[in-house]
Structures are given as structure tokens and as C-alpha cells.
Amino acid sequence: EDDFLFILCEGCQQESPNLKLLTCLHTLCLDCLSKNKPMGQCPVCQTAIPPASGIPNMDNLLFTNLEAKLKVYKKIIDGVDLFCDNCKKASEFWCKECEEFLCTKCFEAHQRYLKRESHEAKSLMVIRAGSAKDFLKDTRSSSNLSCSNPAHKSQTVSIYCTKCEKALCCSCALLDSHHAPFCDIRSESQRRQEELGTLSQELRQKRSGFEGAYTTLRDEATRLEEAQREMRELIRQRVEQLVQLIRREEEELLGLVEARQEQGRRELARELQHVEGVLRRMEAGERLVEKMRLYGTEQEVMDMQPFIRDALQELQRLQPAPAGERAQPGDLGECRARLRAL
């Protein structure tokens, strides 16, 4: 569905199992990162890619997991090669907790033995009747956090250690004295979502300043081009009335105008590129936070929130340059003075 094109690589617009989230909040695949590493810039907003000598190791867990879930949904919709993961017979059900397809017989055993675990296997016909958003919403509600201790991956997690900033099972919390103080993991997940939402709202308010700066710079570029055209015409009108000696002066003046024009264009292009890059980063931040709110699991929120928060806070520190403090590019004062002298 078009609603989920955002999970594609923003560089090549292709699916990828290895999506990386940059500090500018754009998402690229490894191939696009490798191509842009020598230049050290994001191909979307031209922001520097840190570290310059390597690929950032922040996986975009939200987009990668959404892509995997959508592939399962597409497989169900297409109805091709849907076999029971236990006995390889034709499947009729899907368990979101086990992430397995089940035939009718295995489904009955599954419901009997995993009833206490609250596993809810759904009929494939029911899933097909719904939308992709319904499927993702349903799988999101079933996602559980895992303990940060690799030996306790199967343990239920409900505790968050504020000291080491990790999710813990009861065994880790009780037996390891290094963990303290604690809080409820659900509360911490909700707090992180709210923090990202607040940062996104503040950036949305701040964005108007950058949009104004972008419009001003674009208008200045237009006025610069118009001023260059007017000056070139004036130079030609005056110089045509003069002798060969003044013809040489004409060439010098035209060269001066071209130099000022090129200098002004470069300066304005650089400022426009910077402001446009910031705006794109802000759009990426808003979009990422919105998609995290709609589709992010608690595991994804816990893993990705600090990284996204730091990137959003960095954007908050940026300020558009006041119009009065910017240097006026393409100054034609010297050219006008030489015309008066003629």
C-alpha cells in the first residue's frame, strides 16, 4: 500500500533488510550508505554522515520490523505457499505470538496448550478481510519486551532500571544488586513516547522560522538574478556608445558582473541547501515520530528512542540566521562606481 512507502530506503526507494537511521533522521540502505560514504553526506539533505570513516550502527528497527510484518501480510493475502509450520499441511490460521502458520488440527492443539499464555491465533480469512493497518496494529499489541540479559530472553519483562537504562526480568532485578532504582517498563515506554511527541511538537513550531528563512533566501536569489540582468543591459547600452577603448572596459565590467553573480549564487545556494537540509531533517523527524507512535512496538521504542531524541534535540539547537545578519551576496557597488567614472 502507498501508506507504507516510507519504509523504503530514502536514497534508492528500494526494500532492504538492512536499513540504517542516520543522525539527520533519514533512513538509508547499506548500498546507499556505501555510495555516499566517500562524500560523507546524506543524499537526501546533504548533512554530514557521522562517523565519516564508517557506517552508523543504528538499525532502524521500526522500519525493518514493519517490512518483515508486511511481507507476512502479503503472503497471507496472496495465499501462496501457506503451509503449517508444524506439519506442513495447508494452513488456516496465523498466531501472532508464535509467528507461525497453523493447520486446523495444529490450531486446536495450539489453543488447548497455549490458552494460559493468551495466544490468539486468527483465521487467515479474517486477516484477509482486514487491512494492512489492522494486521500491524494487531501484531503491535502482541509484541513483548525481552530482558537485556541474553540468558533470560524467555523471561517476562516488566521492570526498567533507571540506572543502567535497561529492561529487566524479575530474576535480574532481585538477584543483581547493581540494578536500582526501578520503575514500571510500561510507564517508561509511555514516557519515552511522550518525550518524542513533545520534541516533535516543539520542532513543528520552530519549523516556521526555517521555512521563513528558506522563502527569504529564495526571494533574494530571484532578486539577485533580476539585478544581474538589469546591470548587464545597462552596461551594454552605455558601452555601445563608446570607442574601442571603452569596448575593452565593457569586457572587464561584464567579467566583474559574472564573478559577482557566481559568488552570490554560490553563497545563496549554500545557505538554501543548508536550510533545505534542516527542513528535510525536521520532516523526517516528524514522520519518524508519527510512525513510531502508530506502529512502533515497545521494544522498538526502548531501543530507538534515545537515538531519535538526541537527533531531535540537536535540531532544536539550530537557529535560522536572522535576515539582518546575512551578508548581501552579489554586491555590484564596484561595478556602478566604474560606470560613473566612465
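We now turn to the structure provided with this report. (Residues numbered from 1 in each chain as written. Predicted model: local features only at pLDDT ≥ 70, side-chain atom pairs only at ≥ 80, totals over all residues. Heavy atoms only, no water.)

Description of empty space enclosed by the protein
A water-sized probe, rolled over the atoms, reveals where empty space remains. As a reminder of what qualifies: Cavity and pocket criteria rest on a 1 Å grid covering protein atoms alone: a 1.4 Å probe that fits but cannot get out defines a cavity, protein on both sides within 12 Å along at least 5 of 7 lines defines an open pocket, and an atom within 4 Å of a point defines a lining residue. Grid points are joined across faces, edges and corners, and a volume is the space filled by probe spheres set on the points. Here a helix means four or more residues in a row that DSSP labels H or I, a strand means two or more in a row labelled E, and each is numbered from the N terminus.
According to the stated counting rule, one finds one cavity of 30 Å³ or more in the structure shown. Taken as a whole, the largest cavity encloses approximately 40 Å³ of empty space. As for the largest cavity, its lining consists of Phe 6, Glu 10, Leu 25, Thr 27, Phe 63, Ala 284, Arg 287 and Leu 288. With three residues, the single largest contributor to the lining of the largest cavity is helix α8 (residues 244-295).

A word on the nonpolar core
One recurring pattern in soluble globular proteins: nonpolar side chains tend to sit buried together. Keep this limit in mind: Buried Ala, Val, Leu, Ile, Met, Phe, Trp, Tyr and Cys residues that are joined via side-chain atoms within 4.5 Å together make up what is termed a nonpolar core. Working definition: with a 1.4 Å probe on protein chains only, accessible area under 20% of the residue-type maximum means buried, over 50% means exposed, and in between means partly exposed. Every residue pair with non-hydrogen atoms within 4.5 Å of one another is taken to be in contact.
Among the nonpolar cores identified, the biggest contains 55 residues, and Leu 25, Leu 62, Ile 308 and Leu 312 are the most heavily contacted of them. Take this core: its biggest share by element is eleven residues, from α8. Discounting chain neighbours no more than four positions away, the residues touching Ile 308 are Leu 21, Leu 25, Leu 196, Leu 288, Val 289 and Met 292. One finds Ile 246, Leu 253, Val 257 and Cys 335 within the second-largest nonpolar core, a separate group that totals eleven residues.

Regarding the packing of aromatic side chains
Note the cut-off: Any pair of Phe, Tyr and Trp rings, taking the six-membered ring for Trp, is counted once the centres come within 6.5 Å. Such a pair is stacked with planes under 30 degrees apart, edge-to-face with planes over 60 apart, and tilted for the rest.
All told, the structure shown has one aromatic pair when counted by the stated rule. With 3.7 Å between their ring centres and 5° between their planes, Phe 93 and Phe 107 make a pair best called stacked. Of this pair, Phe 93 sits in strand β3 (residues 93-95) while Phe 107 is found in helix α3 (residues 104-113), placing the two residues 14 residues apart along the sequence. Relative accessible area serves as the criterion here: at 16%, Phe 107 is assigned to the buried category.

Some remarks on the sheet that holds strand β4 (residues 100-102)
Convention followed: Strands were regarded as paired on the criterion that DSSP finds at least two bridges between them. For helices, the fitted axis covers only the stretch in contact; all axes are lines through C-alpha atoms, and the angles between them, taken along N-to-C directions, range from 0 to 180 degrees.
Spatial ordering of the open sheet is given by β4-β3-β5, a layout of three strands whose pairing is antiparallel. Here the strands that pair on one side only, and so sit at the sheet edges, are β4 and β5 (121-123). Between one strand axis and the next, the sheet turns through 30° on average, direction left out of account. Each of β3, β4 and β5 touches α3; the most contacted strand, β4, lies at about 115° to it.

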